[in-house]
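These are the residues of each chain, in order.
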Amino acid sequence: MKLSAPQIAAKKVSRGADPLVMITAYDEPSARFVEASGADLLLVGDSLANVVLGHEDTLHVSVRQMCHHIAAARVGAPSTHIVGDMPWMSYHADVNDAVRAAAALVRAGADSVKLEGGRVRAEVITAILNAEIPVMGHLGLTPQSVMKFGGFKVQGRDDVAAGELVLDAQAIDSLGVFSMVVEGVPAELGSEITKAVGVPVIGIGAGPAVDGQVLVFHDLVGLGNRKTAKFVRQYLNAGELMTAALREFGNDVRTGKFPTDTESY
Ligand code: KIV
């Protein structure tokens, strides 16, 4: 059964809920696998730029591209809550444009949208919520801030930075986000933020004491060609299995073993 944003908002581990499972997907097959796995949420992340389109960062993806992939994921996962990621520059310049971009993701098939940033995004979060679109926050090592951070670096390591992140989390919680991703922070800070807010915190590299975990599909099943972060656990080497299958097909063609009579008309 598809979870609604209010149902997800109520799923705090401290109130007895099971941890939430969120997995990214970007097309019909990956979304179908995620739905079959029983994940609570499916994120069509802007990591699309990395793992599907081959870019070094997440800055090279547009609203149009996100919509294209959200629509495909919706076909594969009709009964799973889909979060559509707001790409870089879709909500940084103009609030009205941001609301229209969020609506485009919903019309493509998303049940909610996710955007990066804390107090600095208060106005745009409020505007999207006022358009009746549920918003998931994203704090910590926010990949769209890679130029500002000078790389993909763990955030909130010192007391001042950690305190700022707690304030950001409390601010977006009080604005009305239904949950938030916290990425790339020390485990202790992941736990502190989780205790400081009323909505579920879904961690990625934020330690175990949060309300759920998210991983990128391609990292989890071994389809990527990038060096994965310390927080990734690879459960399968699908890339190796797929290459072996493709090589076998090539060998069969070259040696006349494919096609056989049963594979011919
Ligand atoms: O785009 C993405 O995949 C994400 C996750 C890393 C949370 O934002």
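A brief look at the structure comes next. (Residues numbered from 1 in each chain as written. Predicted model: local features only at pLDDT ≥ 70, side-chain atom pairs only at ≥ 80, totals over all residues. Heavy atoms only, no water.)

Before going further, it helps to spend a moment on unusual backbone geometry. With omega at 0°, the peptide bond leading from Phe258 into Pro259 counts as cis. Positionally, Pro259 belongs in the segment after helix H11 (238–254). At Met89, a position not held by glycine, the phi torsion is positive, near 75°. Owing to a relative accessible area of 46%, Met89 belongs among the partly exposed residues under this scheme. Unlike most non-glycine residues, Glu132 shows phi in positive territory, near 70°. Looking at where Glu132 falls in the secondary structure, it is placed in the loop between helix H6 (122–130) and strand S5 (135–140). Of the residues examined, Glu132 reaches a relative accessible area of 69% and is grouped as exposed. (Helix = DSSP H or I, 4+ residues; strand = E, 2+ residues; numbered from the N terminus. Buried < 20%, exposed > 50% of the residue type's maximum accessible area, 1.4 Å probe, protein only.)

This part is about the sheet that holds strand S1 (residues 20–24). Around the barrel, which closes on itself, the eight strands sit in the order S1-S2-S3-S4-S5-S6-S7-S8 with parallel pairing between neighbours. Each strand axis lies, on average, 25° off the axis of its neighbour in the sheet, ignoring direction. The strands touched by helix H4 (residues 63–76) within the sheet are strand S2 (41–44) and strand S3 (81–85), with S2 carrying the most contacts at an inclination of about 150°. (Pairing = 2+ DSSP bridges. Axes fitted to C-alpha atoms, helices over the stretch in contact; angles between N-to-C directions. Contact = heavy atoms within 4.5 Å.)

Moving on, we come to H4. With 14 residues, H4 extends 20 Å from end C-alpha to end C-alpha; this agrees with the ideal 20 Å at 1.5 Å per step. Of the positions making up H4, those classed as buried are Met66, Cys67, His69, Ile70, Ala73, Arg74 and Gly76. Looking at the buried residues of H4, the elements they touch are helix H2 (28–37), S2, helix H3 (48–51), S3 and helix H5 (95–108). (Expected span 1.5 Å × (residues − 1).)

Purely geometric numbers; function is a separate question.
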